[in-house]
Amino acid sequence: MKKLRNLILILGDQLSEELDVLKDVDKKNDLIVMAEVLHESTKVASHKMRTAVFLSAMRHFAEKLKEKKYQLIYLSLSDQKKFKSFNEAISFVLTNYSFQKILVTEPGEYDVFEEVRTIAKTFKLTLEIKTDNTFLSNKRDFSAYAEGKKQIRMEFFYREMRKKYSILMDGKDPEGGEWNYDQENRKSFKKEGPGKVPFLDLKKDSITEEVLTLVNDLFKDNPGSTEEFNWPVTHTEAKKLLDFFIKNLLPHFGDWQDAMWTNEAFLYHSRLSVALNLKLLTPMEVIKAAEQSYKKGHVSLASAEGFIRQILGWREYVRGVYFHFMPEYISRNFLKADEDLPPLYWNAKTEMNCMRDVVTQTMNFGYAHHIQRLMVTGLFSLLYGVRPTDIHQWYLAVYVDAVEWVELPNTLGMSQYGDGGVMASKPYIASGKYISRMSNYCKGCKYSPEESTGPNACPFTTFYWDFIRKHQTLISKNPRLAMQVKNWQKLGSDKQKEIELTAKNLRKNIKRGNI
Ligand code: FAD
Ligand code: SF4
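Computed from a predicted model, the values in this text were never measured in an experiment.

**Quick look at the sheet that holds strand β3 (residues 30-35)**
- Taken together, five strands build an open sheet; the order of strands is β4-β3-β2-β6-β7 and the sheet is parallel. Of all strands in the sheet, those bounded by a partner on one side alone are β4 (72-75) and β7 (126-130). Geometrically, the sheet is characterised by an average inter-axis angle of 20° between neighbouring strands, direction not taken into account.
- Packed on one face of the sheet, helix α2 (residues 48-67) meets β3 and β4 and runs near 160° to β4.

Shown next, in the form of structure tokens:
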């Protein structure tokens with residue numbers, strides 16, 4: 001058995017040479033192990049695109065490590081020996097080598113933490129878990145910030161982060177005098193739509209082509225398609241996408257951040273989440289690029305601030321929430337939602353234009369932008385009452401950027417109010433009228449966003465009122481929602497009964513896949 005010093009584990013979303021585990025590597029006595037495992041794509045049947053992006057990015061990173069002459073074992077799904085789990089793959093290595101220590105960067109999923117701990121225990125090895133230094137806040141600091149607070153609002157956390165890193169600051173004050181320019185950011189497109197939005201095509205190389213063949217062979221029954229593969233899988237490509245975004249899209253990002261349009265998946269969004277989550281880019285690299293663009297006068301303060309807030313604020317904040325509240329967070333179900341996830345989330349078979357468009361694009365690209373996730377698929381699930389664990393598994397499965405630390409708080413907390421108000425100060429409820437205002441989906445839809453009853457009743461609008469009926473006691477305690485309860489009461493008992501009945505019938509139809 002070969003004796004070595006450290007076993008360095010690099011997980012699929014830790015593809016950065018900046019990570020502390022790769023500092024001070026002894027290239028003769030340390031062995032890096034990377035493993036592709038079946039379980040990652042099958043524990044919830046992952047979108048083929050998601051698996052393909054992860055595997056291609058991992059293989060590219062492994063090539064880079066090999067070029068730099070690190071000792072590396074790369075356990076691939078193309079090999080004869082396909083490892084079902086991470087544990088199985090690492091155990092295979094540990095039976096052939098002896099080490100003094102296992103080194104790993106803190107994983108982005110609570111269960112993987114536990115798995116690594118179990119492996120170290122089984123093989124009686126010291127385990128050193130290194131802080132993920134690509135993030136701008138660490139778990140300890142976040143917990144210290146959160147401890148004892150009734151509500152941990154993103155806005156205040158974000159202000160602290162701005163001060164800490166001196167981003168968009170004018171001395172001690174925020175640049176331009178305000179911390180947040182959201183009120184300038186919520187526009188919708190006029191009748192003529194967005195026009196031609198610039199888009200960067202990323203070419204597939206032979207590594208990606210090989211991965212696509214493998215994924216379509218091994219996971220042919222998994223959801224989604226890889227036809228439209230167009231994701232960065234190396235630092236170079238991610239940087240190209242960042243530069244393209246800063247130059248062509250960021251100037252309009254703020255204006256159209258919340259807008260939606262049929263057959264327009266990306267609009268002015270950056271598509272950078274997957275590069276950030278796999279660590280192909282560091283958040284500071286992205287934030288600095290946006291800040292520089294503002295300083296040079298290329299973009300407005302509202303656009304730069306709106307974008308930077310997503311990364312320096314939301315992204316860091318949700319990670320803090322995840323680790324502060326896990327492991328119990330994942331089983332929260334504050335609203336006691338108990339419906340199964342409707343089949344239309346997988347097959348897009350629905351006459352609701354908005355849901356069909358967002359689910360179809362999700363299956364084609366493994367992508368939907370934030371408002372599509374929050375105010376279409378997320379809103380529908382919230383109003384219909386899907387169990388938070390079920391909708392969480394869907395989001396984790398279908399998006400290329402899905403890693404549990406970021407997906408879970410966004411889904412269970414922000415979108416489903418399953419955590420009872422940790423992430424959001426109120427449930428994000430709205431009727432079809434919101435979707436009508438922010439998109440062109442309602443044009444030509446079988447349903448009418450104005451109507452809550454009758455043959456053309458928009459399911460969003462009916463379920464919106466039915467949600468208020470169902471959760472009246474809870475909602476009336478929230479001053480920001482009290483008006484909506486009053487509006488429900490104003491409808492009168494006949495209309496209320498009609499809405500309740502319409503909602504009941506809609507539920508039956510949704511379960512039958514007939515809506
Ligand atoms: P842009 O609109 O260009 O935003 C820029 C960047 O800001 C993103 O790349 C992302 O890194 C960051 N960001 C923006 N909003 C958030 C947020 N709420 N939380 C964390 N980071 C944010 N994001 C993921 O990265 N992975 C997920 O699995 C994920 N699941 C989500 C599930 C739901 C129900 C909701 C409502 C949101 C989810 N988000 C998730 C957040 C957000 O929707 C995506 O980060 C964004 O749509 C990615 O597209 P983009 O890179 O074009 O983002
Ligand atoms: Fe969606 Fe309702 Fe608009 Fe149809 S009418 S697109 S279901 S919001």
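Don't stop here, the text continues.
**Let's talk about the site of ligand 1**
- Close to ligand 1 lie 29 residues, the nearest being H269, S270, R271, N277 and Y367.
- H269 places a polar side-chain atom, nitrogen or oxygen, 2.7 Å from an oxygen atom of ligand 1.
- D401 is positioned with one of its backbone polar atoms (N or O) 3.0 Å from a nitrogen atom of ligand 1.
- Elements with a minimum of two residues in the shell around ligand 1: α9 (273-277), α11 (301-325), α14 (370-384) and α16 (404-415).

**With respect to the pairing of strand β6 (residues 101-105)**
- The buried fraction of β6 is high, at four of five residues.
- Where strand β2 (residues 6-9) lies against β6, four bridges are found, and the strand directions are parallel. The partner of L9 across the bridge, within β6, is V104.
- Inspection of the sheet shows β6 paired to β7 by five bridges, in the parallel sense. Within β7, the position partnered with K101 by the bridge is T126.
- With respect to chirality, the unit in which β6 leads through helix α4 (residues 110-122) into the neighbouring parallel β7 is right-handed.

**Description of the site of ligand 2**
- Every residue lining ligand 2 is accounted for by M352, N353, C354, G432, I435, Y441, C442, C445, Y447, P449, C458 and F460.
- Taken together, the residues of the shell around ligand 2 sort by class into 10 nonpolar, two polar and no charged.

**Structural notes on unusual backbone geometry**
- A cis amide bond, omega 10°, links M326 with the succeeding residue P327.
- With respect to the helices and strands, P327 occurs in the loop between α11 and α12 (344-347).
- At D24, a position not held by glycine, the phi torsion is positive, near 55°.
- With respect to the helices and strands, the residue D24 is situated in the loop between β2 and β3.
- Relative accessible area serves as the criterion here: at 73%, D24 is assigned to the exposed category.
- Phi is positive for K336, close to 55°, though the residue is something other than glycine.
- Considering the arrangement of structural elements, one finds K336 in the loop between α11 and α12.
- For K336, a relative accessible area of 68% translates into the label exposed.

**Digging into the packing of α14 against helix α18 (residues 459-470)**
- Where α14 contacts α18, the two axes come as close as 9 Å, and the packing angle between them is 45°. Regarding the angle of α14 to α18, the classification is oblique. Between α14 and α18 the crossing geometry is left-handed. Here α14 contributes M375, V376, L379, F380, L382, L383 and Y384 to the contact with α18, which in turn contributes P459, F460, F463, Y464 and F467.
- For the contact of α14 with α18, the class distribution of residues is 12 nonpolar, no polar and no charged.

**Describing the side chain of Q416**
- Mapped onto the elements, Q416 comes out in the loop between α16 and α17 (432-438).
- Apart from the residues lying within four places of it in its own chain, the contact partners of Q416 are L335, G378, S381, L382, V386, I391 and T411.

**Thoughts on α14**
- Given a rise of 1.5 Å per residue, 15 residues ought to cover 21 Å, and the 20 Å separating the end C-alpha atoms of α14 matches this to within 8%.
- Where α14 bends most, the angle comes to about 40°, and this point is G378.
- Along α14, 14 of the 15 residues are buried, which leaves the element largely enclosed by surrounding structure.
- Among the residues trailing α14, G385 stands out with phi positive, at a value near 95°.

**A word on the nonpolar core**
- Ranked by size, the top nonpolar core spans 165 residues in total, and within it M34 and F460 carry the most contacts.
- No other element matches the 13 residues that α11 contributes to this core.
- Contacts of M34, omitting those with residues within four sequence positions, involve I10, L15, M58, F61, A62, L65, L72, I73, Y74 and L75.
- If you look at the next biggest cluster of nonpolar residues, it comprises 24 residues, including L4, V33, L94 and F99.

**Description of the pairing of β2**
- Covered by surrounding structure in β2 are N6 and I8 together with L7 and L9, the residues of both alternating faces.
- Bridging between β2 and β3 involves four bridges; their strand directions are parallel. Looking at β3, one finds that L7 is bridged to L31.

**Let's talk about the packing of aromatic side chains**
- Under the defined criterion, the tally for this structure stands at 33 aromatic pairs.
- When the ring of F142 is compared with that of Y317, the centres are 6.2 Å apart and the planes differ by 65°; the resulting orientation is edge-to-face. Placement of F142 in helix α5 (residues 139-146) and of Y317 in helix α11 is noted, with a sequence separation of 175 residues between them.
- Measuring from ring centre to ring centre gives 4.8 Å for F266 and Y367, while their planes differ by 40°; the resulting arrangement is tilted. On the criterion of sequence distance, the pair formed by F266 in the loop between α8 (235-256) and α9 and Y367 in the loop between α13 (353-365) and α14 is long-range, its members being 101 residues apart. Each member of the pair, F266 as well as Y367, carries the same accessibility label: buried.
- Through pairs of rings, three or more aromatic residues link up here, namely F142, Y145, F157, W314 and Y317.
- Against the face of Y145 rests K149, its NZ or CZ located 4.1 Å from the ring centre.
- Against the face of F135 rests R319, its NZ or CZ located 3.8 Å from the ring centre.

What counts, and at which threshold
- Residues numbered from 1 in each chain as written.
- Chains lettered and ligands numbered in written order.
- Predicted model: local features only at pLDDT ≥ 70, side-chain atom pairs only at ≥ 80, totals over all residues.
- Heavy atoms only, no water.
- Pairing = 2+ DSSP bridges.
- Helix = DSSP H or I, 4+ residues; strand = E, 2+ residues; numbered from the N terminus.
- Axes fitted to C-alpha atoms, helices over the stretch in contact; angles between N-to-C directions.
- Contact = heavy atoms within 4.5 Å.
- Near = heavy atom within 4 Å.
- Polar contact = N/O pair within 3.5 Å; in protein donor to acceptor, adjacent residues only side chain to side chain.
- Buried < 20%, exposed > 50% of the residue type's maximum accessible area, 1.4 Å probe, protein only.
- Right-handed = clockwise from strand over helix to strand, strands pointing away.
- Nonpolar A, V, L, I, M, F, W, Y, C, P; charged D, E, K, R; others polar.
- Parallel < 35°, antiparallel > 145°, perpendicular 65-115°, else oblique.
- Left-handed = near helix turned anticlockwise from the far one by under 90°.
- Expected span 1.5 Å × (residues − 1).
- Bend = angle between axes of the 7 residues up to and from the residue.
- Core = buried A, V, L, I, M, F, W, Y, C linked by side-chain atoms within 4.5 Å.
- Phe/Tyr/Trp six-rings, centres within 6.5 Å; stacked < 30°, edge-to-face > 60°.
- Lys NZ or Arg CZ within 6 Å of the ring centre and 35° of its normal.

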